Amino acid sequence: MGKSSKDKRDLYYRRAKEEGWRARSAFKLLQLNEQFQLFKDVKRVVDLCAAPGSWSQVLSRELYQTQKNSHDEAKIVAVDLQPMTPIDGVTTLQADITHPKTLVKIMDIFGGEPADFVCSDGAPDVTGLHDLDEYLQAQLILSALQLTTCLLKPGGTFVAKIFRGRDIDLLYAQLSYLFDKVVCAKPRSSRGTSLEAFIVCIGYKPREGWTPKLELNKSAEEFFEGANIGRSDNLKFFELPDPEERVIANFIACGDLSDVDSDATYTLDASESRVVLDPVQMPTSPPYKLALEMKRRGDLVRR
Ligand SMILES: C[S@@+](CC[C@H](N)C(=O)[O-])C[C@H]1O[C@@H](n2cnc3c(N)ncnc32)[C@H](O)[C@@H]1O
């Protein structure tokens, strides 16, 4: 039998605890920033799918501590389905990014001013049905993109987690209609064995004659109608018939080569001197809480 996960530990997980990040994902944003200088001249930020909040911690540290903005000068809004424990200078919204009312709430917080930077590290709950999971992830990215087109200033930057599945070419094609530059980036802290990567979209260029407007009961396809970004208007692009016409995003591996390998683990030192670190932030309202309560009440019965 191989070693259990109790005997081996992920180096980024350990480092996140040592440095006070709520999740190892913090390193992904830090390494993306090292490569692309994402936070330069950024004052208003939207962090979509933000819980437990390590990206918001990175953003808060950068905008308030490194750049020394006051809380009036800079604003960070973090949105997630899950509740989040507060972070300095971050307004948290417990909301669904696929719901148009979420846009209104974010705009209210910004007082109608556009965002300089929108990021999304969203991942739906995995069902195990591969096609369904891929579809749900694609819909989440599309929702993040819808919000972004309504919130981002021209020239602004959008970063989102993707899984490089079968239909990724279509997404690159759509994005390159809306941004000057689209790059697919893989931070060193993202496991090499995972299809996960991040699209870094620089220089938002709203389509001429198309005003993005979220409405209840409008599908993503209807929303992008008129934007001329592929599926709805431009079937030629959707079919991608000629390989020469395909939009292939540059792929960049980022993070210092001396950074640790995300697929590597280290073996726990069994000696007495080993220091066990507590999680930086205990889950605020974990999904397993209800199950534990039911178990305590004796409502969980094995049939
Ligand atoms: C990988 S976690 C994000 C980690 C975060 N970036 C951090 O650094 O702590 C993915 C998050 O996506 C959120 N999510 C999934 N679907 C969502 C939706 N429709 N609206 C808002 N959040 C969503 C989940 O609740 C989950 O917290």
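For the structure, see preceding data.
Everything in this summary refers to the structure shown in the same document.

Rules used throughout
Residues numbered from 1 in each chain as written. Predicted model: local features only at pLDDT ≥ 70, side-chain atom pairs only at ≥ 80, totals over all residues. Heavy atoms only, no water. Salt bridge = Lys/Arg side-chain N within 4 Å of Asp/Glu carboxyl O. Helix = DSSP H or I, 4+ residues; strand = E, 2+ residues; numbered from the N terminus. Buried < 20%, exposed > 50% of the residue type's maximum accessible area, 1.4 Å probe, protein only. Near = heavy atom within 4 Å. Polar contact = N/O pair within 3.5 Å; in protein donor to acceptor, adjacent residues only side chain to side chain. Areas by Shrake-Rupley, 256 points an atom, 1.4 Å probe, with all protein chains shown as cover. Nonpolar A, V, L, I, M, F, W, Y, C, P; charged D, E, K, R; others polar. Pairing = 2+ DSSP bridges.

What about the pattern of salt bridges?
Under the defined criterion, the tally for this structure stands at 12 salt bridges. With a shortest N-O distance of 3.8 Å, Glu-113 and Arg-44 are connected by a salt bridge. Linking Glu-113 in the loop between α4 (100-109) and β5 (115-120) with Arg-44 in strand β2 (residues 44-48), this pair joins segments that are 69 residues apart in sequence. Across the pair Asp-299 and Arg-297 runs a salt bridge, and its minimum N-O distance is 2.9 Å. Relative accessible area serves as the criterion here: at 39%, Asp-299 is assigned to the partly exposed category.

Details of the site of the ligand
In the region of the ligand, 20 residues are neighbours, and Gly-53, Ser-54, Asp-80, Asp-96 and Asp-121 sit closest. The side chain of Asp-80 places a nitrogen or oxygen atom 2.6 Å from an oxygen atom of the ligand. Contact with the protein chains hides 86% of the accessible area of the ligand, taken as 610 Å² for the molecule alone. For the shell around the ligand, the per-class residue count stands at 10 nonpolar, 6 polar and 4 charged.

Observations regarding the pairing of strand β8 (residues 196-204)
A regular strand places its side chains on the two faces of the sheet in alternate fashion. With respect to burial, β8 is a largely interior element, 8 of its 9 residues being buried. As paired strands, strand β6 (residues 152-163) and β8 are joined by 7 bridges and run antiparallel to one another. Within β8, the position partnered with Val-159 by the bridge is Val-200. As paired elements, strand β7 (residues 179-187) and β8 share 6 bridges and run antiparallel to each other. Across the sheet, Val-182 pairs through a bridge with Cys-201, a residue of β8.

The analysis is restricted to geometry; functional conclusions fall outside its scope.
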